[in-house]
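# Tertiary structure, described
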Amino acid sequence: MQVNQSGKLSNVCYDIRGPVLKRAKQLEAEGHRILKLHIGNPAPFGFEAPPELIQDMIRGLPEAHGYSDSKGILPARRAVVQRCEQLGIAGVDVEDVYLGNGVSELIVMTLQALLNDGDQVLIPAPDYPLWTAAVSLSGGTPVHYRCDEAADWQPDLDDIEAKITDRTRAIVIINPNNPTGAVYSREVLARIAELARRRNLLIFSDEIYDKILYDGAAHVPIASLAPDVLCLTFGGLSKNYRVAGFRSGWVVLSGPKEHAESYIEGLDILANMRLCPNVPAQYAIQAALGGHQSIEDLVLPTGRLGEQRDRAAKLLNDLPGVSCVRPRGALYVFPRLDPEMYPIADDVRFAFDLLEQQRILVVQGTGFNWPSTDHFRVVTLQHADELEEAIGRIGDFLETIRR
Ligand code: PLP
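Residues numbered from 1 in each chain as written. Predicted model: local features only at pLDDT ≥ 70, side-chain atom pairs only at ≥ 80, totals over all residues. Heavy atoms only, no water.

A few words now on helix α12 (residues 347-358). Counted at 1.5 Å a residue, the expected span for α12 with its 12 residues is 16 Å, and the 16 Å between its end C-alpha atoms agrees. Tucked inside the fold, the buried residues of α12 contact α1 (19-29), β12 (336-337), β13 (360-361), β14 (363-364), β15 (376-379) and α13 (384-401). Of the residues flanking the start of α12, the one acting as N-cap is D346, its side-chain oxygen 2.9 Å from the backbone nitrogen of V348. Remark: R359 follows α12 within two positions and exhibits a positive phi of approximately 60°. (Helix = DSSP H or I, 4+ residues; strand = E, 2+ residues; numbered from the N terminus. Expected span 1.5 Å × (residues − 1). Contact = heavy atoms within 4.5 Å. Polar contact = N/O pair within 3.5 Å; in protein donor to acceptor, adjacent residues only side chain to side chain.)

Here it is in structure tokens:
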């Protein structure tokens, strides 16, 4: 008997862990050393979790044997409310905070609760592909709006407006952005908020990198500019606190919740159905948000993240026919390959060939719903020496495909 996957998955794709990674694992099992520039998981690269966070989780363990409230434990939700107050997100109460097994679970949950078949959601291109996948899985239609590389990857507001239809329910922003490293200006955010206000759209704002900022870049939560728009703001411990394996995140609802009672009921049903997020990891949230923010040292020009991002951007820009916007936040660079010099018809093939020939693992640009085959993403978590070696080898590979 042939067992087939559900038709619901026909448009669902998540290439960060796709076939190129599968091949890399095979090569590794055969004893090859692979330089991994493909995934934003800080711990394997020697980034340590803040000790107070680990201690609080251990201290909480004896209390963490049972299920918690399906939205999560109160001290953690209170800590998230307090963070919203600091950020100027008004009117948030503990009932407006849902904890989750990472932001990933909450992205799927909040879209499942919202979308009817054929409802459209505006998503940036390039994007973090879970957003597109989760909209498709929920029966919705992802509609990509352009982010403009020539304008430091800021969203193209005219393109957003042109793509709003009667079926558009929401707009997604990822700020700071994965994969581009863009941090959106207050003006751009205010204009997106204004569009949402005028066209009755919800805003989904993925702010999981809100503390990973370089060169003094300032992060503005869009919800703080739009108290009259229903906003869902996502955050978590995976990146800012380097504990991606704990699977701990949250989403906060703000704005006119009185107009969203039915949606909130739907969210509650889904939160109840998953019983609760992993309880021990919820105990880390209060300590993380209230403790010393060691990430602030890491992102300085002399800190490991600041230095590595600098090095990666410079080395890539020094390669002939390669250009990249210097990231102002997050953990990635999204370089462009000049198509005149490097005519790439299939960028999955490009990623495979780079892996086979140079043992470098990257994710191709189309994996982030970028519409052309002229970009790829580099994760800047590797130590500077490894980054230098990897980018050198990318340069060697490019020489072999140069026109
Ligand atoms: N959102 C963005 C933009 C991400 O880059 C990631 C992970 O890379 C996630 C969400 C998922 O985060 P979590 O580990 O909290 O599920």
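Each aromatic ring pair is characterised by the separation of its centres together with the angle its planes make. A complete count under the given rule lists 11 aromatic pairs for this structure. On the numbers, 5.7 Å between centres and 90° between planes, the contact of Y209 with Y332 is edge-to-face. On the criterion of sequence distance, the pair formed by Y209 in the loop between β7 (202-206) and β8 (231-236) and Y332 in strand β11 (residues 332-333) is long-range, its members being 123 residues apart. With respect to class, Y209 is no different from Y332; both count as buried. Plain terms: the ring middles of F334 and F368 are 5.9 Å apart, the flat faces sit at 85° to each other, and that makes the pair edge-to-face. Taken together, the residues span a long stretch of sequence, with F334 in the loop between β11 and β12 and F368 in the loop between β14 and β15 at a distance of 34 residues. F368 carries the same exposure label as F334, and that label is buried. Connected via pairs of aromatic rings, a cluster forms that spans W153, F334, F368 and W370. (Phe/Tyr/Trp six-rings, centres within 6.5 Å; stacked < 30°, edge-to-face > 60°. Buried < 20%, exposed > 50% of the residue type's maximum accessible area, 1.4 Å probe, protein only.)

Grouped burial of nonpolar side chains is what soluble globular proteins tend to show. One finds Y98, W131, F204, F234, W250, Y263 and L305 to be the most contacted residues of the largest nonpolar core, which totals 99 residues. Inspection of this core shows a minimum of three residues originating in each of domain 1 (7-48 + 297-401) and domain 2 (51-290). Among all residues touching F234, those that are not within four sequence positions of it are V103, L106, I107, T110, W131, F204, S205, D206, E207, I208, W250 and V251. (Core = buried A, V, L, I, M, F, W, Y, C linked by side-chain atoms within 4.5 Å. Domains from an automatic or database assignment.)

Turning next to the domain arrangement of the protein. Many authors give the size of an interface as the accessible area that is lost as the parts come together. Partitioning the protein into domains gives domain 1 (7-48 + 297-401) and domain 2 (51-290). The distance between the C-alpha centroids of domain 1 and domain 2 comes to 26 Å. Counting from both sides, the interface comprises 35 residues of domain 1 and, opposite them, 33 residues of domain 2. Summed over both partners, the interface of domain 1 with domain 2 comes to about 3000 Å²; 59% of that surface belongs to carbon and sulfur atoms. (Buried area = accessible area lost by both parts, 1.4 Å probe.)

Within the element layout of this structure, S254 appears in strand β9 (residues 249-254). S254 sits in the buried class, given a relative accessible area of 2%. Aside from chain neighbours lying at most four places away, what touches S254 is I89, A90, V92, A223, V229, L230 and C231.

Moving on, we come to the environment of G255. Mapped onto the elements of the fold, G255 is located in the loop between β9 and α8 (261-273). As for G255 and V92, which are separated by 163 residues in sequence, their C-alpha atoms are 8.5 Å apart. Setting aside residues up to four positions removed in sequence, G255 forms contacts with P227, V229 and L230.

This paragraph deals with the site of the ligand. G102, V103, S104, Y128, I174, N178, D206, I208, Y209, S238, K239 and R247 make up every residue found near the ligand. In this structure, an oxygen atom belonging to the ligand sits 2.7 Å away from a side-chain N or O atom of K239. Compared with its free state, where it exposes 400 Å², the ligand has 94% of that area covered by protein. If one sorts the elements of the shell around the ligand by residue count, helix α4 (residues 102-114) sits on top with three residues. (Near = heavy atom within 4 Å. Areas by Shrake-Rupley, 256 points an atom, 1.4 Å probe, with all protein chains shown as cover.)

Picture the strands of a sheet paired through backbone hydrogen bonds; they go either parallel or antiparallel. Strands sit in the order β2-β9-β8-β7-β6-β3-β4-β5 across an open sheet of eight strands; the sheet is mixed. The open sheet has two edge strands, β2 (97-100) and β5 (154-155), and neither has a second partner. With six bridges connecting them, strand β3 (residues 120-125) and strand β4 (residues 141-148) associate as parallel partners. For P124, the partnering residue across the bridge sits in β4 and is Y145. This element, α8, spans β2, β7, β8 and β9 of the sheet and lies at about 30° to β2. (Pairing = 2+ DSSP bridges. Axes fitted to C-alpha atoms, helices over the stretch in contact; angles between N-to-C directions.)

Attention now goes to the UniProt feature "domain: Aminotransferase class I/classII large" (unreviewed entry) in the protein. Look at the UniProt record and you will see "domain: Aminotransferase class I/classII large" (unreviewed entry) annotated at residues 35-394. Helix makes up 36% of residues 35-394 and strand 17%, with an end-to-end C-alpha separation of 11 Å. (UniProt positions renumbered as here; feature names shortened; annotations may be inferred.)

Once that is clear, we can look at helix α5 (residues 130-137). For α5, the buried fraction is high: seven of the eight residues fall into the buried class. Every buried residue belonging to α5 is among L130, W131, T132, A133, A134, V135 and S136, and all of these are buried. Of the surrounding secondary structure, the elements contacted by the buried residues of α5 are α4, β3, β4, β6 (168-174), β7 and β8. Of the residues trailing α5, G139 is marked for its positive phi of about 90°.

Ordered by their spatial adjacency, three strands build an open sheet running β11-β15-β14, and the pairing between neighbours is antiparallel. Unpaired on one side and paired on the other, β11 and β14 mark the two borders of the sheet. Here β11 pairs with β15 via two bridges, running antiparallel. Bridging across to β15, Y332 finds its partner in V379.

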